[in-house]
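These are the residues of each chain, in order.
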Amino acid sequence: MIFLDLFPDSPFIINIRCFPMKEILSSNLWISEECHQDNIRNQLLILASRHCPDSVPHDFKMRQNIDIRFVESHHYLHLNQSSNKQSPMIVEGIIRELVQKEIPNDFSENLVENIFLSSRTFYPSLEVDTAAIKAMLSKSHSPPLYLTYNELCNDPLILFKCKLSIWKCMGLRRIILTILKELLDANEILVKRKSRSLQVASELLSARDALVLKCLISLGSGSYLENYHIEQDGKAISCNMLVSLVRILVTKRKGIIAFLIKQGLNQISIDWIVEFVPESFNDANIFISYLSDKKKLNVVERLSIADATLRIAIGRGHQNDKISEHLAYAALSVLVSSFFLVLGPVGVPVNLLCERNGRDITQMSRMITFRMLQALQTISGKKIGLKNEARLALSKIAGLCKSESTNVNGLNAVTAMKRKSLLKEIWDQVLRAINVVGGVQF
């Protein structure tokens, strides 16, 4: 926990909630009056109160006497917490003040979560949860929303109406994620009861979780910055609880990651999934079926899925070498078959292939192709089968580059120069990849 405290954004940190923190902190081992054990206990409790305050024992004096003095002008924040019993109305008032008065996040990151969790220990959680969400959804100069816990259970997605600034605040974000997890479980029971069949319920819940995952992945990866031109504080949200919830949903709904990628995730989101969601490898068979389907998906869609499939095979292939080889073969087969689409029409100085929405198919294919070639340059370790598949595909692409470089007769000087320049870029990327995976130089 000291490492997590010093380096919260490090990729080597672990989820503290994976350990039985409540049992560890409440164990008799920590009740000794000896000086050295008491110091260790206090240090552990302080760190636990920062990163997983819900596991801190109720008799911990630092939770009994939280002294909150954010700004003297905010009456809600002058709380004497000697009783440690904050009612839902007080929790709502504190959060509402924080949201509307825009108090800096540094003040609210841990203390607000402590107040919320301590209130849940003395009052029904549904009352505290409802009060917290009402405060987060409230607007300035408007009366509090009328919202019931039953409405939240029927529509958990209402939590995503909270402002982006609330999601960026660690304390408020962890409160939302805590409530969201419980609301999703409650909503699943309600949907199964009301649906005519389990198949209908499964489809509804899968659609719900797809929306939830897309929002959480957008927040975690920072891909929302592409849609909103944010120059200040423009960075991804690093949060262990967010990653944990994403992995729980992915584990529960097999095929949901493949479905989201098929629907169209941007490159930032795909890279985030490969890095933080190892369960995406479980959708290997679905990825392979998508790549083999040439009727329902166009070339660009298959190439986008191939890019994600190849990155998952490289990043998570250690889980099963055979399956990773099949993934790589399917993805690289699409890459090789799309080579001439990447080059564009012969003898035409501009790209004529466009979709109905105006997107340039040729340019998009080129961008994905270079991403896949760069992904091949990241293969490391003793992945013999994966490297063999990469060498075969690279040799085919290199041969196509050679044959096309000599097939420029009859083209005007400008068109021939552009085509040779593109072939040279592809050739350079192929050589770099071959240097990594090993093989005969061309």
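Predicted model, so just to flag it, every value in this text is computed and none were measured.

Cut-offs and rules
Residues numbered from 1 in each chain as written. Predicted model: local features only at pLDDT ≥ 70, side-chain atom pairs only at ≥ 80, totals over all residues. Heavy atoms only, no water. Salt bridge = Lys/Arg side-chain N within 4 Å of Asp/Glu carboxyl O. Buried < 20%, exposed > 50% of the residue type's maximum accessible area, 1.4 Å probe, protein only. Helix = DSSP H or I, 4+ residues; strand = E, 2+ residues; numbered from the N terminus. Expected span 1.5 Å × (residues − 1). Polar contact = N/O pair within 3.5 Å; in protein donor to acceptor, adjacent residues only side chain to side chain. Phe/Tyr/Trp six-rings, centres within 6.5 Å; stacked < 30°, edge-to-face > 60°. pLDDT = per-residue confidence, 0-100. Contact = heavy atoms within 4.5 Å. Core = buried A, V, L, I, M, F, W, Y, C linked by side-chain atoms within 4.5 Å. Axes fitted to C-alpha atoms, helices over the stretch in contact; angles between N-to-C directions. Parallel < 35°, antiparallel > 145°, perpendicular 65-115°, else oblique. Left-handed = near helix turned anticlockwise from the far one by under 90°. Nonpolar A, V, L, I, M, F, W, Y, C, P; charged D, E, K, R; others polar.

Summed over all chains, the structure comprises 16 salt bridges. The partner of aspartate 209 in a salt bridge is arginine 208, and the shortest N-O contact between them spans 2.7 Å. An identical accessibility class is assigned to aspartate 209 and arginine 208; each is buried. One continuous salt-bridge network, built from bridges that share partners, spans Lys181, Asp185, Glu188, Lys192, Arg208, Asp209, Lys252 and Arg253.

Right, let's talk about helix 18 (residues 299-316) for a bit. With 18 residues, helix 18 should cover 26 Å at 1.5 Å per step; its first-to-last C-alpha distance of 25 Å lies within 8% of that length. Across the 18 residues of helix 18, 14 count as buried, placing the element largely inside the fold. Where helix 18 starts, the residue carrying a side-chain oxygen 3.2 Å from the main-chain nitrogen of valine 300 turns out to be asparagine 298.

Now for the packing of aromatic side chains. A complete count under the given rule lists three aromatic pairs for this structure. Here the aromatic rings of phenylalanine 160 and tryptophan 167 are separated by 5.6 Å at their centres, their planes lie at 10°, and the arrangement is stacked. With centroids separated by 5.3 Å and ring planes inclined at 40°, the aromatic side chains of tryptophan 272 and phenylalanine 276 adopt a geometry described as tilted. Taken as a pair, tryptophan 272 and phenylalanine 276 lie in helix 16 (residues 267-276) at a separation of four residues, close to a single helical turn. A relative accessible area of 8% places tryptophan 272 in the buried class.

A low pLDDT score tells you not to read the predicted coordinates there in detail. Predicted confidence across the protein gives a mean pLDDT of 79, with 74% of residues reaching 70 or more. In the model, residues 61-83 has pLDDT below 50 throughout and makes 49 contacts with residues more than four positions away in sequence or in other chains. Contacts for the low-pLDDT stretch residues 228-234, under 50 throughout, to residues beyond four places or in other chains number six contacts.

Time to look at the nonpolar core. Ile95, Leu376 and Ile426 are the most contacted members of the largest nonpolar core, which has 108 residues in total. Not counting chain neighbours up to four residues away, the residues in contact with isoleucine 426 comprise Phe339, Val342, Leu343, Phe370, Leu373, Ile397 and Cys401.

What follows concerns the side chain of glutamine 429. Position of glutamine 429 relative to the elements: it lies in helix 23 (residues 413-437). Excluding its chain neighbours within four sequence positions, the residues that come into contact with glutamine 429 are Phe370, Leu373, Gln374 and Gln377.

What follows covers the packing of helix 15 (residues 256-263) against helix 17 (residues 284-292). Running from N to C, helix 15 and helix 17 point in directions that differ by 30°, and their axes come no closer than 8 Å. Here helix 17 runs roughly parallel to helix 15, going by the angle between their axes. Of the two possible hands of crossing, helix 15 and helix 17 adopt the one that is right-handed. Mapping the contact onto sequence places Ile257, Ala258, Phe259, Ile261 and Lys262 in helix 15 and Ile286, Phe287 and Tyr290 in helix 17. Residue composition of the contact of helix 15 with helix 17, by class: seven nonpolar, no polar and one charged.

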